[in-house]
Amino acid sequence: MATVARSHKSHTVIDASTTPVTVFTGFLGAGKTTIILGLLKQISSKYNVVLLKNEFGDAQTDSALARESHIQVTEMTNGCLCCVLVGQMKRALQEMKAKYNPDRIIIETSGSAFPAPIAWQIREMESDGFHLDSILTVIDCLNFCGYEDTSYTARMQAQYTDLILLNKWEQVSERQLDIVVDHVNELNTDTPKIRVDKDASIDPDVAFGIDTTLFKLSDNAFVGNERTAATTESVSGKLDHHSQEVDLIEIRRSWSGHDQTCLFSPDEFTSFLKSLPADDVYRVKGIVRLASLVDDEADSTSAVSTTKGHSHSPVSEGTLHIVNHAFGRYTFTPLAKPDITLAQVLVKVTIMGNGLGMHISAIKDGFRASDHDMEVHWAHRH
């Protein structure tokens, strides 16, 4: 098995046939994909890392972005690893191991996933040649205090982890950062917390080889209760934390390839995104066909487009963009090599938030969607 060009800290001796697994969790829009892509850039090309992504809905947005970076990606959509995809995760890991023979697998969970059930599933696959190295939780310093009180999932993610990564800390004041850390400490005092620099991501020496000790807490009431609840949820399907916490709207619109009037104007579409209330619309992720590339803007709270190295598509075809909107901040990334399956896509997005029913008309207008184009799952809160 190849090795990373840095020493690791794991105290567990695993043989060459065992694949270590690192799990990244974090609430919607915390920045998990960005951190993972930055981490992978620091790893030797001889160290074979494969990414397993779990996206709620089937927009497959971040998977498309990862593939643009030449990373092997396996994706699991239309569900969450911690409940309805239990069996699928086991099969996905086994298939990845057989197909790619990876030195390490990184799992990026959906933003609404409980970490403990995923950890137990991997732990129970040790006889299949998998070793859970660590669970890393990404905390969005810009927005964590806004949803911590209302999201049970966000609290669980902060509690059940080996390392807390403080992301977007540069975007808040020192006082605001202190408040975030205080809130996180109320949930989890003992777990190490580190700042993740915007341009540097996290060092592989820090991320890998942690050798999780979470299972040594098996007598702890929290861990035991969460495992019991997770098992009940996975088997019976009677509990669904997604429907309890988050409204979900999926919009799918196809494109004939000829009608240019269907293409979205970049200015019109960015104006629509700016109008979405950050307190209610947590996330807009997906692929949209725009009439042209989006121009960079100086305002960091507005649209940012990564256009270097991308040539303009013929006007008649427009340009497919990955749209990634989180709590009022958003980016556009043009797809240089779109998959053939996206040839007839005009809109393929997933919207997640709280109280989206109040904004359904605006959302329909912004995406020019009919009821037929939309699938809605309203939250059920108690």
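Here is a short report on the structure shown in this document. Since the structure is predicted, the reported quantities are computational estimates derived from the model, not experimental observations. (Residues numbered from 1 in each chain as written. Predicted model: local features only at pLDDT ≥ 70, side-chain atom pairs only at ≥ 80, totals over all residues. Heavy atoms only, no water.)

1. What to know about the overall build of the protein chain
Okay, so step 1: Scanning the protein chain from terminus to terminus reveals 12 helices and 14 strands.
Okay, so step 2: Taken across its 382 residues, the protein chain has 53% of its residues classed as buried.
Okay, so step 3: The contacts in the protein chain between residues at least 6 apart in sequence include a share of 82% that link residues at least 24 apart.
Okay, so step 4: Element-wise, carbon and sulfur atoms account for 49% of the exposed surface of the protein chain, whose accessible area totals about 17,100 Å². (Helix = DSSP H or I, 4+ residues; strand = E, 2+ residues; numbered from the N terminus. Buried < 20%, exposed > 50% of the residue type's maximum accessible area, 1.4 Å probe, protein only. Contact = heavy atoms within 4.5 Å. Areas by Shrake-Rupley, 256 points an atom, 1.4 Å probe, with all protein chains shown as cover.)

2. Quick notes on the packing of aromatic side chains
Okay, so step 1: Per the stated rule, a full pass over the model turns up nine aromatic pairs.
Okay, so step 2: Members of the aromatic cluster, each reached through a chain of ring pairs, are Phe264, Phe269, Phe272, Tyr330, Phe332 and Phe367.
Okay, so step 3: When the ring centre of Trp169 is taken as origin, the NZ or CZ atom of Arg195, which lies over that ring, is 4.8 Å away.
Okay, so step 4: The ring of Phe264 has Arg368 lying over it, and the distance from NZ or CZ to the ring centre is 4.4 Å. (Phe/Tyr/Trp six-rings, centres within 6.5 Å; stacked < 30°, edge-to-face > 60°. Lys NZ or Arg CZ within 6 Å of the ring centre and 35° of its normal.)

3. A short note on the environment of Lys41
Okay, so step 1: For Lys41, the location among the structural elements is in the loop between helix H1 (32-40) and strand E2 (49-55).
Okay, so step 2: Of the residues examined, Lys41 reaches a relative accessible area of 71% and is grouped as exposed.

4. Here we look at the environment of Ile135
Okay, so step 1: Summarising the element assignment, Ile135 is placed in strand E5 (residues 130-140).
Okay, so step 2: Along the chain, Ile135 and Thr161 lie 26 residues apart, while their C-alpha atoms are 5.1 Å from each other.

5. Considerations on the nonpolar core
The nonpolar side chains of a soluble globular protein tend to be buried with one another.
Okay, so step 1: Grouped together as the largest cluster of nonpolar side chains are 26 residues, with contacts concentrated most on Ile251, Phe269, Leu273, Val288, Phe332, Ile351 and Phe367.
Okay, so step 2: Mapped by element, the contributors of at least two residues to this core are strand E8 (247-254), helix H11 (266-275), strand E9 (281-290), strand E12 (329-334), strand E13 (345-353) and helix H12 (360-367).
Okay, so step 3: When sequence neighbours within four positions are dropped, the list of residues in contact with Phe367 reads Ile251, Arg253, Phe264, Phe269, Phe272, Val284, Val288, Val347, Val349 and Ile351. (Core = buried A, V, L, I, M, F, W, Y, C linked by side-chain atoms within 4.5 Å.)

6. So, the pairing of strand E4 (residues 104-108)
Okay, so step 1: Counting buried positions over the five residues of E4 gives five, a clear majority of the element.
Okay, so step 2: Direction of pairing for strand E1 (residues 19-26) relative to E4: parallel, over a ladder of four bridges. Note that in E4 the partner of Thr22 across the bridge is Ile106. (Pairing = 2+ DSSP bridges.)

7. Remarks on the pattern of salt bridges
Okay, so step 1: Under the defined criterion, the tally for this structure stands at eight salt bridges.
Okay, so step 2: Glu108 is the partner of Lys53 in a salt bridge, and the nearest nitrogen-oxygen pair spans 2.6 Å. Of this pair, Lys53 sits in strand E2 while Glu108 sits in strand E4, and the two are 55 residues apart along the sequence.
Okay, so step 3: A residue is classified by how much of its surface remains accessible, and Glu108, at 4% relative accessible area, is buried.
Okay, so step 4: A salt bridge links Arg104 to Asp133; its shortest N-O distance comes to 2.9 Å. (Salt bridge = Lys/Arg side-chain N within 4 Å of Asp/Glu carboxyl O.)

8. With respect to the state of the cysteines
Okay, so step 1: The final tally for this structure, using the stated rule, is zero disulfides.
Okay, so step 2: Take Cys145: it sits in no disulfide, and the sulfur closest to it among the cysteines is that of Cys141, at 8.7 Å.
Okay, so step 3: Residue Cys145 is classed as partly exposed on the basis of its relative accessible area of 29%. (Disulfide = S-S within 2.5 Å.)

9. Some thoughts on the pairing of strand E6 (residues 163-167)
Okay, so step 1: In terms of burial, E6 is largely enclosed, as five of its five residues are buried.
Okay, so step 2: The alternating pattern of E6 places Leu163, Leu165 and Asn167 and Ile164 and Leu166 on opposite faces, both of which are buried.
Okay, so step 3: As judged from the five bridges shared by E5 and E6, these two strands associate in the parallel manner. Looking at the pairing, Leu136 lines up with Leu163 of E6.
Okay, so step 4: As judged from the three bridges shared by E6 and strand E7 (residues 193-195), these two strands associate in the parallel manner. Bridge assignment links Leu165 to a residue of E7, and that residue is Ile194.
Okay, so step 5: With respect to chirality, the unit in which E6 leads through helix H7 (residues 174-187) into the neighbouring parallel E7 is right-handed. (Right-handed = clockwise from strand over helix to strand, strands pointing away.)

Remember that the coordinates give geometry; whether it matters functionally is a separate question.
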